[in-house]
Amino acid sequence: MANNHGFETRCVHGAYKAESGQPQVLPIVQNTTYRYYNAQDVAELFDLESPNHMYTRLGSPTVDALEQKMALLEGGTAGMATSAGQAATMITILNICQAGDHIISASNIYGGTHNLFTVTLARLGIEATLIDQNLPKEEILKYAKPNTKAIFGETIANPALTVLDIEKFAEVAKEIGVPLIVDNTLASPALCRPIEFGANIVTHSTTKYSDGHASAVGGCVIEGGNFDWSASDKFPGLSQPDESYHGLTFHEKFGPAAFCTRLKAVLVRDMGCTMAPMNAYLTHQGLQTLHLRMERHSQNALALAKYLKNHPKVDFITYPGMEGDQYYELAQKYLPNGAGGVLSFGVKGGKAAGEKLLENLKLASIVVHVGDIRTSVLHPASTTHRQLSEEAQLAAGLNPSLIRVSVGLESIDDIIADFEQALEQI
Ligand SMILES: *Cc1c(COP(=O)(O)O)cnc(C)c1O
């Protein structure tokens, strides 16, 4: 499967290909172990000299196929699947940062990532500066320090729904000499491929649109092959000899796959955040229809957004694909084929009205998830942020009436009718 095929063809056919007499569908290789004839074969594996597998923590055929497919779809040079999206972000940072290092991140990021950066990584001695992603380039550059090792942002932030100016962030990263890491979960490669705009590493929670059917938790890191790890002494893990592999240098030996090879050979080896073969199969199954699903998710979300915008009981609505949204221009540039399936809105009457609305929805279900084929809703003020007072919620930028909707693939008439009847009752 070549990169010059259309995106739709890559979704359907990449990267697994059946030869004559082989299964047409990617097989699930469900095992922990591989057999070898002699010590020499095993030694080659431990020296990273063999493409074969040795133990499922360090990779397996079904997971390999998923990684190749994700890399193919993102236009990257290599991929590394993980047990969850959180693990993908964690090992990406730990592949280039250690105690004493620093990263710059957009402040509008997923809650789990916010916690990882500001609490867990802080405990490990890695400092994160969270910035307003709309600052001009010159202002962002002022946050760079000699120990800054990466810049991070989300294409479409979950749940803020801001759109990242990827080219601006890429320019900042280039000027500092560090990689730009973009979490592309909510856009998916069907709507935006950050590497084309200068990103160096792309991360995913494949749990969301990649799987798309709420079947399997997972994550993936994709490498752009477009960063010179040896250009400075900032990234010794990639540019200096690794003693646990007899002094090999990842950048020298693996070139455009250096980042992902080190993720596997060092980070996943030591931390064990492996994706299970069954989850790789389910995620691969989902990716085969990614192009179609994202198109319809985006159409349905835009239609629902337009409906809600004109409803007298709706206080505010955020959807970057809708004209008039603060991020509409950036969405036009980075997401010209649709802004994805997630929108958020608030009803007049605050938290109580929001809770009542959710109770009355019949087709849409309350779940802590986005990216499913089924329309799903969440009211953060009464669920994920319920421990905060209303004042504290407002201070944290959360409007107590805000409802996040992950618009599914049902008939748009049925989706709108469901919100209509629920709005009538408040
Ligand atoms: C869900 C999510 C994550 C975390 O992924 P998990 O698979 O739940 O670990 C990271 N980033 C974004 C944008 C997400 O939506």
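> Please give an account of the domain arrangement of the chain that cites residues and values.
Taken domain by domain, the chain comprises domain 1 (14-287) and domain 2 (291-424). On a C-alpha basis, the centres of domain 1 and domain 2 stand 29 Å from each other. In this assembly, 32 residues from domain 1 lie in contact with 31 residues from domain 2. Between domain 1 and domain 2, roughly 2,400 Å² of surface is buried when both sides are summed, and carbon and sulfur atoms account for 63% of that area. Summed over the three residues of domain 1 that lose the most area to domain 2, namely Leu161, Leu191 and Tyr209, the buried surface amounts to 33% of that side. Taken together, the links from domain 1 to domain 2 amount to one salt bridge. Between Lys333 and Glu167 there is a salt bridge, with its nearest N and O atoms 2.6 Å apart. Within the residue set of the side of domain 1 that touches domain 2, elements represented by two or more residues are α7 (166-176), α8 (188-191) and α12 (277-287).

> Summarise the side chain of Thr82; cite the residues concerned and give the values.
Checked against the element boundaries, Thr82 lands in strand β1 (residues 78-82). In this structure Thr82 comes out as buried when scored by relative accessible area, which is 0%. Within the structure, Thr82 has its side chain in polar contact with the backbone nitrogen of Ala88 (distance 3.4 Å). The contacts of Thr82, once residues within four sequence positions are left out, are Ala87, Ala88, Ile91, Gly218, Gly219, Cys220, Cys273, Thr274 and Met275.

> Kindly report on the pattern of salt bridges, identifying the contributing residues and their values.
All chains considered together, the criterion is met by 13 salt bridges. For Glu49, the salt bridge goes to Lys253, with nearest N and O atoms at 3.3 Å. Of the two residues, Glu49 is situated in the loop between α2 (39-46) and α3 (61-74) and Lys253 in helix α10 (residues 250-254); the sequence distance between them amounts to 204 residues. Lys137 is the salt-bridge partner of Glu175, the closest N and O atoms lying 3.4 Å from each other. Separated by 38 residues along the polypeptide, Glu175 in helix α7 and Lys137 in helix α6 (residues 137-141) bring together distant segments of the chain. When its relative accessible area of 51% is taken as the criterion, Glu175 is described as exposed. Put simply, Asp64, Glu67 and Lys264 are held in one network by salt bridges that share partners.

> An account of the nonpolar core is needed here, citing residue identities and associated values.
Residues Phe250, Leu304, Leu335, Leu343 and Phe345 are the most contacted members of the largest nonpolar core, which totals 114 residues. Split by domain, this core shows at least three residues from each of two domains, domain 1 (14-287) and domain 2 (291-424). Setting aside its immediate chain neighbours within four residues, Phe250 contacts Leu48, Gly237, Leu238, Asp242, Tyr245, Gly255, Ala258, Thr261, Arg262, Ala265 and Val266.

> Quick rundown of the side chain of Ser60? Include the residues and the values.
Looking at the secondary structure, you find Ser60 in the loop between α2 and α3. By relative accessible area, Ser60 is classed as buried at 1%. Setting aside residues up to four positions removed in sequence, Ser60 forms contacts with Tyr34, His53 and Pro277.

> Explain the packing of helix α4 (residues 85-94) against helix α11 (residues 258-271) to me, using residue names and the numbers behind them.
It is at 10 Å that the axes of α4 and α11 come closest, and there the two elements cross at 110°. By the angle between their directions, the pair α4 and α11 is classed as roughly perpendicular. Here Met90, Ile91, Thr92 and Leu94 of α4 lie close against α11, whose contacting residues are Phe259, Arg262, Leu263, Leu267, Val268 and Met271. Taken together, the residues of the contact of α4 with α11 sort by class into eight nonpolar, one polar and one charged.

> So what's going on with the packing of helix α13 (residues 290-309) against helix α17 (residues 412-424)? Residues and values would help.
The packing of two helices is summarised by the inter-axis angle and the distance between the axes. Where α13 contacts α17, the axes come no closer than 10 Å and their chain directions differ by 30°. Our classification of the angle between α13 and α17 gives roughly parallel. The way α13 lies across α17 gives a crossing that is right-handed. Here Asn300, Ala303, Leu304, Tyr307 and Leu308 of α13 lie close against α17, whose contacting residues are Ile412, Ile415, Ile416, Phe419, Glu420 and Leu423. Tallied by class, the residues present in the contact of α13 with α17 amount to nine nonpolar, one polar and one charged.

> Tell me about helix α15 (residues 350-360), residues and numbers included.
If you check which residues of α15 are buried, you get Ala353, Gly354, Leu357, Leu358 and Asn360. In a view along the axis of α15, the buried residues occupy a sector of 165°, so they form one face of it. Of the exposed residues in α15, the ones pointing more than 90 degrees away from its buried face are Ala352 and Glu359. Lining the buried residues of α15 we find β9 (342-347), β10 (365-366), β11 (376-378), β12 (402-406) and α17.

> Let's hear about the site of the ligand: which residues, and what values?
Ala84, Gly85, Gln86, Tyr110, Glu154, Asn158, Asp183, Thr185, Ser205, Thr207, Lys208 and Gly218 make up every residue found near the ligand. Between the ligand and the protein, one listed contact pairs an oxygen atom with a backbone N or O atom of Gln86 at 2.9 Å. Lys208 places a polar side-chain atom, nitrogen or oxygen, 2.7 Å from an oxygen atom of the ligand. The protein chains hide 92% of the 380 Å² of surface that the ligand would expose on its own.

> Please provide a residue-by-residue account of the sheet that holds strand β2 (residues 102-106), values included.
With respect to topology, seven strands assemble into an open sheet ordered β1-β7-β6-β5-β4-β2-β3, the strand pairing being mixed. Edge positions in the sheet fall to β1 and β3 (127-131), since each has one partner strand and no second. Across the sheet, the axes of successive neighbouring strands diverge by a mean angle of 20°, strand direction being ignored. In this sheet, strand β7 (residues 219-223) lies alongside strand β6 (residues 201-205) in antiparallel orientation, the contact comprising five bridges. Of the residues in β7, the one forming a bridge with Ser205 is Gly219.

What counts and how
- Residues numbered from 1 in each chain as written.
- Predicted model: local features only at pLDDT ≥ 70, side-chain atom pairs only at ≥ 80, totals over all residues.
- Heavy atoms only, no water.
- Domains from an automatic or database assignment.
- Contact = heavy atoms within 4.5 Å.
- Buried area = accessible area lost by both parts, 1.4 Å probe.
- Salt bridge = Lys/Arg side-chain N within 4 Å of Asp/Glu carboxyl O.
- Helix = DSSP H or I, 4+ residues; strand = E, 2+ residues; numbered from the N terminus.
- Buried < 20%, exposed > 50% of the residue type's maximum accessible area, 1.4 Å probe, protein only.
- Polar contact = N/O pair within 3.5 Å; in protein donor to acceptor, adjacent residues only side chain to side chain.
- Core = buried A, V, L, I, M, F, W, Y, C linked by side-chain atoms within 4.5 Å.
- Axes fitted to C-alpha atoms, helices over the stretch in contact; angles between N-to-C directions.
- Parallel < 35°, antiparallel > 145°, perpendicular 65-115°, else oblique.
- Nonpolar A, V, L, I, M, F, W, Y, C, P; charged D, E, K, R; others polar.
- Left-handed = near helix turned anticlockwise from the far one by under 90°.
- Arc of directions from axis to C-beta.
- Near = heavy atom within 4 Å.
- Areas by Shrake-Rupley, 256 points an atom, 1.4 Å probe, with all protein chains shown as cover.
- Pairing = 2+ DSSP bridges.

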